[in-house]
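Commentary on secondary and tertiary structure
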Amino acid sequence: KRTAQGAFDLLIQMGVWDKHQNMPLLRSGFPLAFRNIPQTQTTTTTTDHHNTNTRDPDSILGIRHDLTHLKVYTIDSASTSEID
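Below, the structure is looked at part by part. (Residues numbered from 1 in each chain as written. Predicted model: local features only at pLDDT ≥ 70, side-chain atom pairs only at ≥ 80, totals over all residues. Heavy atoms only, no water.)

**Notes on the overall build of the protein**
The number of helices and strands found in the protein is three helices and zero strands. Along the protein, helices (α) and strands (β) appear in the sequence α-α-α when read from the amino end. Residues counted as buried form 4% of the 84 residues belonging to the protein. Counted over contacts in the protein with a minimum sequence separation of 6, partners at least 24 positions apart contribute 20%. Entry remark: accessible area of the protein is about 8,200 Å², with carbon and sulfur atoms responsible for 56%. (Helix = DSSP H or I, 4+ residues; strand = E, 2+ residues; numbered from the N terminus. Buried < 20%, exposed > 50% of the residue type's maximum accessible area, 1.4 Å probe, protein only. Contact = heavy atoms within 4.5 Å. Areas by Shrake-Rupley, 256 points an atom, 1.4 Å probe, with all protein chains shown as cover.)

**Overview of the environment of Asp9**
If you trace the backbone, Asp9 turns up in helix 1 (residues 4-13). Along the sequence, Asp9 and Lys19 sit ten residues apart, while their C-alpha atoms lie 8.1 Å from each other.

**Here we look at a nonpolar patch on the surface**
Taken together, the side chains of Leu10, Met14 and Val16 make up a nonpolar region of the molecular surface, amounting to roughly 300 Å² of accessible area. Looking at where Leu10 falls in the secondary structure, it is placed in helix 1. (Patch = residues over 30% accessible without salt bridge, like charges linked within 9 Å, V, L, I, M, F, W, Y side chains within 5 Å. Salt bridge = Lys/Arg side-chain N within 4 Å of Asp/Glu carboxyl O.)

Laid out in structure tokens, this is it:
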């Protein structure tokens, strides 16, 4: 079949994709796997808003932020087994 579905089925048969391939993710152009970044590159601060990685979804969408520098407080009692 010379259709989009036919091409999809062929890629599944060839083992390139599986039948549950996330097509919207592929179309988005975002990376599908983590890259190995040398340790020297991972020491940049999160306050640097001039990130040059234009393919990073967090940088593009701005929906997640690194808050590990903040202190954490809870208001649960000492006997609480599940801290909120």
